[in-house]
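Observations on the three-dimensional arrangement
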2 protein chains.
Amino acid sequence: MIGAGTNPLAAPLFSMPFPAARRLGPASCAPDSSQALAPATAEANPPPRAPDEAPAAASSSSPAIRATSQLSRWSRSRTLRSGRRLERTAVSSAAAVTKPPPPQQQQQEQPPSLLYDGAPAAAAVGDDDDDVCVAERDAMSGKAIYLVSDGTGWTAEHAVQAALGQFENCLVDRGCAVNTHLFSGINDTDKLLEVIKQAAKEGALVLYTLADPSMAEAAKKACNFWGVLSTDVLRPTVEAIATHIGVAPSGIPRSSPSRQTKLTEDYFRRIDAIDFTIKQDDGAQPQNLHRADIVLVGVSRTGKTPLSIYLAQKGYKVANVPIVMGVNLPKALFEIKQEKIFGLTINPAILQAIRKTRAKTLGFDGYGSNYAEMDHVRQELAHANQIFAQNPGWPVIGVTGKAVEETAAVIVRIYHDRKQKCSMPRISKRVAPVLVYDYTSEVVSS
Amino acid sequence: MIGAGTNPLAAPLFSMPFPAARRLGPASCAPDSSQALAPATAEANPPPRAPDEAPAAASSSSPAIRATSQLSRWSRSRTLRSGRRLERTAVSSAAAVTKPPPPQQQQQEQPPSLLYDGAPAAAAVGDDDDDVCVAERDAMSGKAIYLVSDGTGWTAEHAVQAALGQFENCLVDRGCAVNTHLFSGINDTDKLLEVIKQAAKEGALVLYTLADPSMAEAAKKACNFWGVLSTDVLRPTVEAIATHIGVAPSGIPRSSPSRQTKLTEDYFRRIDAIDFTIKQDDGAQPQNLHRADIVLVGVSRTGKTPLSIYLAQKGYKVANVPIVMGVNLPKALFEIKQEKIFGLTINPAILQAIRKTRAKTLGFDGYGSNYAEMDHVRQELAHANQIFAQNPGWPVIGVTGKAVEETAAVIVRIYHDRKQKCSMPRISKRVAPVLVYDYTSEVVSS
């Protein structure tokens, strides 16, 4: 199972059609006909760049990389979608030459020999199809991380965002730039290898979530071949679950028709929660407070709205009630179950900073309004704290320096803790979904 | 570095204080004083259960598990938060005996000997402090997965939800139940080991995201010792990034004061996007359509609202405009940049099913309304398709069988593709955040 020659997973690498090649390099951007009609500028024909920290894989010592028909296909579909003319793409495609692969240097792992040719990448520079796209240009100025997914890519994105938190000091304070590039819907090996080739060119790290084991294996092999550092983000988790429940993973990507989203109770619960939460925003309809799962109370800009929305997406019906000096809280607030009410508070200096930015966005810069004045901010927070002191049953959560999802985690933990009465605060969910309407056996098209 | 004796990461396991022990087992729930006053029932004193598929680790052959003072601490804080009386907790704590650890069986890895005693778990049954919490009872009826995090736990939850998609058939069709239990904010070894002990008792898989390497190592060791299957969800991703950017991970958990959320441009952009999107929901304020990044058009219940909200959380200002028979679309829709407009369509049978459920939720069951009638649904969709045909620049996305995040992925891909003009559709982000207000160097409290 290990050697490439005997590994069935390697098969797709050697059975793909590559009918045409078009040169990559800075040339990898689709043509923009509006620019093509303008005189050539330095920007339109950028000089070859030597990125400061390009890893060995991206240097000229590695096999040079050329594009396949896939690129033309993507370029063409993009151009079609953008409503621009296709002429230059067609010319480029016609001019491209399908070269046979040159003799390959010996490697321990058999290379995907159909995928490269020996011409140096720099040779592509000067092609008049060379407009570097913004993302590719940005990538040159920092370390690139490619997220490659056969589905939405949100899982890879979420995991990488969390992982990058471990390098926050470097990213924020010391200014070392990282660019992430999410490639979603990569559901065939052809597309996959294009992306990995581009990663090699940009010296990118490739982090992938690919359900189909043959795709995951192809990614691994191609990354090894081109010297691209890579990791399968979800594999250890999937394998642990498989061992635990004694069932093999299906290997079916999220986008497959057999994995259509089912209309479950949970689906409708979430949709209802979002509908409810939007309608209840900013103290609207206090007569509905009793229908909420969670009620948030706080002064303006303590993050009630984004927090409500975040919780709604997790299936909780949330209402939020603003504390405004001189305005009484709605009577209904004190008539509902008090255990579902949460107070939000914040450091006055931070609240002032947030309000100042908010005032700018709204187009008033503070003149004629005390909204962002420190004295007013302090008074309003003192008023809020007085209300909280009168209602000791409400947990009061400081949001200073907390991201929305952190405050949400605290609230959800307390909510479930009060409800479930477990010794250890936990949020439990049953994963066997209850179907409300099963259409997956029907033949449907939309 | 491998042996426990020489591994510095093992140190925290042996230096923790365990001043008191309270028996676990079904007894692991906090007391509820209201139940304590009622006569003992079968429910209050459940018989010992023998879970059908309990792994060896949870059987009587493994070291029995007892609780530490941590449990009492959690129970007490929970009781305090819930507003119930503390008397019985105090009594239980006082009655608990701190036993010295018995002689330990020889193991290759040195056990955390202070954490267990030799009494069988079943001996705890009969303790009148034995009310099993709902989550713990549910866990008995399916395979339990413990998600353990020193932060919010949302990353672990997201990863596990995605991974469970690989076992969908088993979960939905064959009815094999899995329960997930999220333990967030586990930021000391004491709490961590309590959770892992409970996992051993429930025969749970432990999936953890722990930034501090000594915590991660403690989790690994404790799981090995108690025979609990476990995986570090984020480790491979963090290590790959560290290698790629040449910087060691900080090891600082999300909840640490030094990792307070900073007020960056991105922060304000997201908050603004959510505010904007809520105000624009359901065709409100068409005069603001030009300010939107993305405009969604479709008939009722094609998922415009949840989709808008999902996209808003990713930082896009979204407006949605309903298509209703007999009501003209707002003129402003045709005056804005057409490339930011997306049509949504759906299979009529599915739309009818969704509307029927919606009608029930709203309290009208279809009588006196054609909202969920098939003829009306078909007519309305045909009307929508006619509008889409007249506006060929709008990409039309079928939402049948797609989760909100899948449709969002398609839209975001096209959006960036049109904007960035890259050869390969990608969503690129710069990860070096721009600070708007830096308070992290100030001493703040909230």
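Residues numbered from 1 in each chain as written. Chains lettered and ligands numbered in written order. Predicted model: local features only at pLDDT ≥ 70, side-chain atom pairs only at ≥ 80, totals over all residues. Heavy atoms only, no water.

An unreviewed UniProt entry lists chain A under the name Pyruvate, phosphate dikinase regulatory protein, chloroplastic, from Urochloa decumbens. One UniProt comment on chain A, placed under Sequence similarities (unreviewed entry), says "Belongs to the pyruvate, phosphate/water dikinase regulatory protein family. PDRP subfamily." (UniProt positions renumbered as here; feature names shortened; annotations may be inferred.)

**A few points about the confidence of the model for chain A**
Detail in the predicted coordinates should be disregarded across regions flagged by low pLDDT. Residue and element names in this part refer to chain A. Chain-level statistics for chain A give a pLDDT mean of 74 and a share of 65% at 70 or above. For residues 1-72, every residue scores under 50 in pLDDT, and the model assigns this stretch 162 contacts once sequence neighbours within four places are set aside. Residue range residues 75-131 is modelled with pLDDT below 50. Its contacts to residues more than four positions away, or to other chains, number 113 contacts. Reported confidence for the predicted complex is 0.75 by ipTM and 0.75 by pTM. (pLDDT = per-residue confidence, 0-100. Contact = heavy atoms within 4.5 Å.)

**Section: the packing of aromatic side chains**
Overall, the coordinates contain 14 aromatic pairs over all chains when judged by the stated rule. Taking 6.1 Å as the distance between ring centres and 50 degrees as the angle between the ring planes, the aromatic pair formed by A:Trp154 and B:Tyr310 counts as tilted. Pair noted here: A:Trp154 is in helix H6 (residues 154-164) and B:Tyr310 is in helix H12 (residues 304-313), and the two residues belong to different chains. Among the residues examined, A:Trp154 registers a relative accessible area of 3% and is labelled buried. Overall, the relative accessible area of 15% leaves B:Tyr310 in the buried class. Through a chain of ring-to-ring contacts, three or more aromatic side chains come together here, namely A:Phe334, A:Phe388 and A:Trp394. Lying across the ring of A:Tyr371, A:Arg355 places its NZ or CZ 4.7 Å from the centre. Its end group placed over the ring of A:Trp154, B:Lys314 keeps NZ or CZ at 3.9 Å from the ring centre. (Phe/Tyr/Trp six-rings, centres within 6.5 Å; stacked < 30°, edge-to-face > 60°. Helix = DSSP H or I, 4+ residues; strand = E, 2+ residues; numbered from the N terminus. Buried < 20%, exposed > 50% of the residue type's maximum accessible area, 1.4 Å probe, protein only. Lys NZ or Arg CZ within 6 Å of the ring centre and 35° of its normal.)

**Thoughts on the relation of the copies chain B and chain A**
For these two chains of identical sequence, chain B goes onto chain A by a turn of 180 degrees and a shift of 0.0 Å along the axis, with RMSD 0.0 Å. Here the copies are linked by what is in effect a two-fold axis. Minimal C-alpha distance to the rotation axis in chain B is attained by B:Ile278, lying at 3.2 Å. (Least-squares fit on C-alpha atoms with pLDDT ≥ 70 in both.)

**Observations concerning the interface of chain B and chain A**
At the junction of the two partners, chain B supplies 145 residues and chain A supplies 146 residues. Of the roughly 12800 Å² buried where chain B meets chain A, counting both sides, 62% is carbon and sulfur surface. The three residues of chain B that bury the most area against chain A are B:Trp154, B:Gln166 and B:His244, which together make up 6% of that side's buried surface. Between chain B and chain A we count 16 salt bridges in total. The residue A:Arg254 makes a salt bridge to B:Glu406 at a minimum N-O spacing of 3.2 Å. The tally of links from chain B across to chain A stands at 54 residue pairs in polar contact (both at pLDDT 80 or more). Looking at which element gives the most residues to the side of chain B that touches chain A, the answer is helix H15 (residues 404-420) of chain B, with 10 residues. When its residues are assigned to classes, the side of chain B that touches chain A shows 75 nonpolar, 38 polar and 32 charged. Both strand E4 (residues 178-183) of chain A and strand E12 (residues 427-430) of chain B contribute to a ladder of 4 bridges, which runs antiparallel. (Buried area = accessible area lost by both parts, 1.4 Å probe. Salt bridge = Lys/Arg side-chain N within 4 Å of Asp/Glu carboxyl O. Polar contact = N/O pair within 3.5 Å; in protein donor to acceptor, adjacent residues only side chain to side chain. Nonpolar A, V, L, I, M, F, W, Y, C, P; charged D, E, K, R; others polar. Pairing = 2+ DSSP bridges.)

**Remarks on the sheet that holds strand E12 (residues 427-430) of chain A**
The strand order E12(A)-E4(B)-E3(B)-E5(B)-E6(B) describes an open sheet built from 5 strands, whose pairing is mixed. The sheet terminates laterally at E12 of chain A together with strand E6 (230-232) of chain B, the two strands that pair on one side only. Averaged over all adjacent pairs, the angle separating strand axes in this sheet is 15 degrees, with direction ignored. Across 3 bridges, strand E5 (residues 205-209) of chain B lies against E6(B) in parallel orientation. Pairing of B:Val206 across the sheet is with B:Ser230, part of E6(B). Taken strand by strand, helix H6 (residues 154-164) of chain B contacts E12 of chain A together with strand E3 (143-149), strand E4 (178-183) and E5 of chain B, and its axis lies near 165 degrees from that of E4(B). Contacting E3, E4 and E5 of chain B, helix H8 (residues 189-202) of chain B crosses the sheet at an angle of about 170 degrees to E3(B). (Axes fitted to C-alpha atoms, helices over the stretch in contact; angles between N-to-C directions.)

**Looking at the sheet that holds strand E10 (residues 341-345) of chain A**
All names here are of chain A. Read across the sheet, 4 strands follow the order E9-E8-E10-E11 without closing on themselves; strand pairing throughout is parallel. Both edges of this open sheet fall to strand E9 (318-323) and strand E11 (396-398), since each of them pairs with a single strand only. Recorded for the sheet is a direction-independent mean angle of 25 degrees between the axes of neighbouring strands. Judged from the 6 bridges that link them, strand E8 (residues 294-299) and E9 form a sheet pairing that is parallel.

**Some remarks on the nonpolar core**
Among the nonpolar cores identified, the biggest contains 72 residues, and A:Ile241, A:Val295 and A:Val297 are the most heavily contacted of them. No other element matches the 8 residues that helix H15 (residues 404-420) of chain A contributes to this core. Apart from the residues within four sequence positions on either side, A:Val297 is in contact with A:Lys304, A:Val321, A:Ile323, A:Leu329, A:Leu333, A:Ile341, A:Phe342, A:Gly343, A:Leu344, A:Phe388 and A:Trp394. Within the second largest apolar cluster, 71 residues are counted, among which are B:Val297, B:Ile387, B:Phe388 and B:Ala409. (Core = buried A, V, L, I, M, F, W, Y, C linked by side-chain atoms within 4.5 Å.)

**Side note on the pattern of salt bridges**
Summed over all chains, the structure comprises 28 salt bridges over all chains. Between A:Arg426 and B:Glu202 there is a salt bridge, with the nearest N and O atoms lying 3.0 Å from each other. In this pair, A:Arg426 is assigned in the loop between H15 and E12 and B:Glu202 in helix H8, connecting two distinct chains. Like B:Glu202, A:Arg426 is buried. One network of salt bridges, in which partners are shared, links A:Asp272, A:Asp275, B:Arg301 and B:Arg358.

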